[in-house]
Amino acid sequence: MTEIQTPRLLLRRWSDDDLVPLSEIQADPDVMRRVGDGGPRDLERTAEDIERWEEEWDEEGFGPFAVELLASGELAGVVGLSVSELQPGVEINWWLGRQFWGQGYASEAAQATLEFALQDRGVDRVVALIRPGDTGSENVARKLGMTEGREFAHPKHGFALQVHEIDLTQYEA
């Protein structure tokens, strides 16, 4: 079982106990407005997400982590990797419950996940696809050392996405 511990967080695979707290996070329109299609998700859709993520772990050797606070055991959200459907490379994503915003958890978890991708899993390029104006995610990408690239329209939903990227050479510099 793959786990990463940071000073304040445990990044781990998903369990049945995560369904309800994750569905509460994903039911919040403010959390989900910049994730996927931008809409909140119900319990059934959240269960499908967890199932798909666990399949990705089994098939790819990486996937989205459950982010747990070490101090309390609370599920804070999702940070992880997926094969990008929109850009070459592996995509890093993050979304946390609103009560966990502004405390550096996303940056802490994303940094550990980026290191895992580049050093443990042999990924040579990681991208983050961020909607322009999502200053929180733009700040996380900057802290990861990602460079801002071109903007394009999501082929299915039409909204703009900005490519942020880092490769192994940039990461090691």
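Q: Any chance you could explain the nonpolar core here in plain terms?
A: In globular proteins that are soluble, nonpolar side chains generally tend to be buried together. Within the largest apolar cluster, 35 residues are counted, with the highest numbers of intra-cluster contacts made by I92, W94, L114, V126, L144 and M146. Mapped onto this core, the elements with two or more residues apiece are β2 (9–12), β3 (64–69), β4 (75–83), β5 (90–96), α4 (105–120), β6 (125–130) and α5 (135–143). The leading source of residues in this core is α4, at 9 residues.

Q: Hey, could you run me through the sheet that holds β5 in this one?
A: Strands pair in a sheet through their backbones, by hydrogen bonds, and they do so in one of two ways: parallel or antiparallel. Read from one edge of the open sheet, 8 strands run β1-β2-β3-β4-β5-β6-β8-β7, paired in mixed fashion. Among the strands making up the open sheet, the edge pair consists of β1 (3–5) and β7 (147–153). Between one strand axis and the next, the sheet turns by 25° as a mean value, whatever way the strands run. Across 5 bridges, the pairing between β7 and strand β8 (residues 160–167) is antiparallel. Directly across from E148, in β8, lies its bridge partner H164.

Q: I would appreciate a short explanation of α4 in the present structure.
A: An α-helix turns once per 3.6 residues; consequently, residues spaced three or four apart project the same way. For α4, spanning 16 residues, the distance from its first C-alpha to its last is 21 Å, which sits close to the expected 22 Å at 1.5 Å a residue. Counting buried positions over the 16 residues of α4 gives 12, a clear majority of the element. Y105, A106, S107, E108, A109, A110, A112, T113, L114, F116, A117 and L118 are the residues of α4 that are buried. Directly after α4, the chain includes G122, whose backbone phi takes a positive value near 70°.

Q: Would you mind going over the pattern of salt bridges with me for this structure?
A: Opposite charge on two side chains permits pairing when their charged atoms draw close. Within the structure shown, the criterion is met by 13 salt bridges. Between E108 and R8 there is a salt bridge, with its nearest N and O atoms 2.7 Å apart. Separated by 100 residues along the polypeptide, E108 in helix α4 and R8 in the loop between β1 and β2 bring together distant segments of the chain. R125 is paired through a salt bridge with E165; the nearest N and O atoms lie 2.8 Å apart. On the criterion of sequence distance, the pair formed by R125 in strand β6 and E165 in strand β8 is long-range, its members being 40 residues apart.

Q: Is there a simple way to explain the environment of L19 in this structure?
A: Tracing the sequence through the fold places L19 in helix α1 (residues 19–26). For L19, a relative accessible area of 24% translates into the label partly exposed. The spatial distance from the C-alpha of L19 to the C-alpha of E68 is 13 Å, given a sequence separation of 49 residues. When sequence neighbours within four positions are dropped, the list of residues in contact with L19 reads L43, T46, A47 and I50.

Q: Help me understand the packing of α1 against helix α3 (residues 43–60) in this model?
A: The angle between the axes and the distance between the axes are what describe a pair of packed helices. Across the interface, α1 lies against α3 with an axial gap of 9 Å and an inter-helix angle of 115°. By the angle between their directions, the pair α1 and α3 is classed as roughly perpendicular. The hand of the α1/α3 crossing is right-handed. Note on element contacts: α3 touches α1 through L43, T46, A47, D49, I50 and W53, opposite L19, L22, S23 and Q26. Considered class by class, the residues forming the contact of α1 with α3 number 6 nonpolar, 3 polar and 1 charged.

Q: Would you mind going over the packing of aromatic side chains with me for this structure?
A: For any pair of aromatic rings, the description rests on two quantities: the centre-to-centre distance and the angle between the ring planes. Using the criterion set out here, one finds 6 aromatic pairs in the structure. Each ring, one from W57 and one from F65, has its centre 5.0 Å from the other, and the planes form 65°; the classification is edge-to-face. Here a set of aromatic residues connected by ring pairs shows up, and it is made of W14, W53 and W95. For the cation-ring pair, R131 lies above F159, with the distance from its terminal atom to the ring centre recorded as 3.4 Å.

Q: What's the story with α5 in this structure? I'm lost.
A: Those residues of α5 that sit buried are S137, E138, V140 and A141. Down the axis, α5 shows its buried residues gathered within 160° of arc, on one side only. Facing away from the buried surface of α5 by more than 90 degrees, the exposed residues are R142 and K143.

Cut-offs used in this document
Residues numbered from 1 in each chain as written. Predicted model: local features only at pLDDT ≥ 70, side-chain atom pairs only at ≥ 80, totals over all residues. Heavy atoms only, no water. Core = buried A, V, L, I, M, F, W, Y, C linked by side-chain atoms within 4.5 Å. Buried < 20%, exposed > 50% of the residue type's maximum accessible area, 1.4 Å probe, protein only. Helix = DSSP H or I, 4+ residues; strand = E, 2+ residues; numbered from the N terminus. Pairing = 2+ DSSP bridges. Axes fitted to C-alpha atoms, helices over the stretch in contact; angles between N-to-C directions. Expected span 1.5 Å × (residues − 1). Salt bridge = Lys/Arg side-chain N within 4 Å of Asp/Glu carboxyl O. Contact = heavy atoms within 4.5 Å. Parallel < 35°, antiparallel > 145°, perpendicular 65-115°, else oblique. Left-handed = near helix turned anticlockwise from the far one by under 90°. Nonpolar A, V, L, I, M, F, W, Y, C, P; charged D, E, K, R; others polar. Phe/Tyr/Trp six-rings, centres within 6.5 Å; stacked < 30°, edge-to-face > 60°. Lys NZ or Arg CZ within 6 Å of the ring centre and 35° of its normal. Arc of directions from axis to C-beta.

Purely geometric numbers; function is a separate question.
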